[in-house]
Amino acid sequence: FQVAGHVAARGARYQHYPLGDVSADLSGTFDDLRLRDVRLDGPSGRFRGDGDVAAGTFGVRGTYDGALEDLRAFTGDIGARGMVHAPVAALVDARGVTVQTAGAALRGASIHGVAVGSASGTMSIDGTAVRIVTAAATLDGAHVVAAAGDGETAVSMTGVPARAFDGSGLPL
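Please read these numbers as outputs of a predicted model, since none were measured by experiment.

Draft legend 1. Summary view of the overall build of the protein chain. A tally of helices and strands in the protein chain yields one helix and 11 strands. The order of α-helices and β-strands along the protein chain, N terminus first, is β-β-β-β-β-α-β-β-β-β-β-β. Burial status across the protein chain gives 33% buried among its 172 residues. Counting only contacts in the protein chain whose residues sit at least 6 apart along the sequence, the fraction spanning at least 24 positions is 27%. The protein chain carries 14 positive and 18 negative side-chain charges, and their two centres are separated by 4 Å.

Shown next, in the form of structure tokens:
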């Protein structure tokens, strides 16, 4: 049987994560539900986009606007600061949450004191564990890439001046 309409919730949560106020237009069946005009305004920022729910998997695609420090509930305290505007896609399933961006525009951003100008990549979140699957970013104007495997994250960078890491706590 088909369902259609508009839903809205205040103070929504996912597991222990506070999401805020959310609304969407929905259509389809309980086995294959489409979400359009998804609007989320909460303590972690603002999201606008579309989504789908099928076979225990929830996926959304749209635009996120907010502050990196407001994402601590998801990432833990990674020392992130600054504003972000990003196209994002997220998938929630039994394995956790996977988030991908093709190009986050960052303003006044830093992680552990290291200035970050832009970023793209994929990360997975399982409980409070964050894993960078792949990433590319600009640090102090230079290009950096990273990839994870076997519990380790490898980082490659060229042309990044040592001063970019002032305040990061790295022994340089």
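Draft legend 2. Main features of the environment of His112. Secondary-structure assignment places His112 in the loop between β7 (96-111) and β8 (114-126). The spatial distance from the C-alpha of His112 to the C-alpha of Gly79 is 4.5 Å, given a sequence separation of 33 residues.

Draft legend 3. The arrangement of the packing of aromatic side chains in detail. Taken as a whole and assessed by the stated rule, the structure comprises two aromatic pairs. For the pair Phe1 and Phe30, a centre-to-centre distance of 5.9 Å together with 85° between the ring planes defines the contact as edge-to-face. Here Phe1 is found in the segment before β1 (3-14), whereas its partner Phe30 is found in the loop between β2 (17-29) and β3 (32-42), with 29 residues between them in sequence. The exposure class of Phe30 is exposed, given its relative accessible area of 61%. Ring geometry for Tyr14 versus Tyr17: centroids 6.3 Å apart, planes at 10°, classification stacked. Looking at Tyr14, the relative accessible area reads 27%, which means it is partly exposed.

Procedures and definitions
- Residues numbered from 1 in each chain as written.
- Predicted model: local features only at pLDDT ≥ 70, side-chain atom pairs only at ≥ 80, totals over all residues.
- Heavy atoms only, no water.
- Helix = DSSP H or I, 4+ residues; strand = E, 2+ residues; numbered from the N terminus.
- Buried < 20%, exposed > 50% of the residue type's maximum accessible area, 1.4 Å probe, protein only.
- Contact = heavy atoms within 4.5 Å.
- Lys, Arg positive; Asp, Glu negative; His and termini not counted.
- Charge placed at Lys NZ, Arg CZ, Asp CG, Glu CD.
- Phe/Tyr/Trp six-rings, centres within 6.5 Å; stacked < 30°, edge-to-face > 60°.

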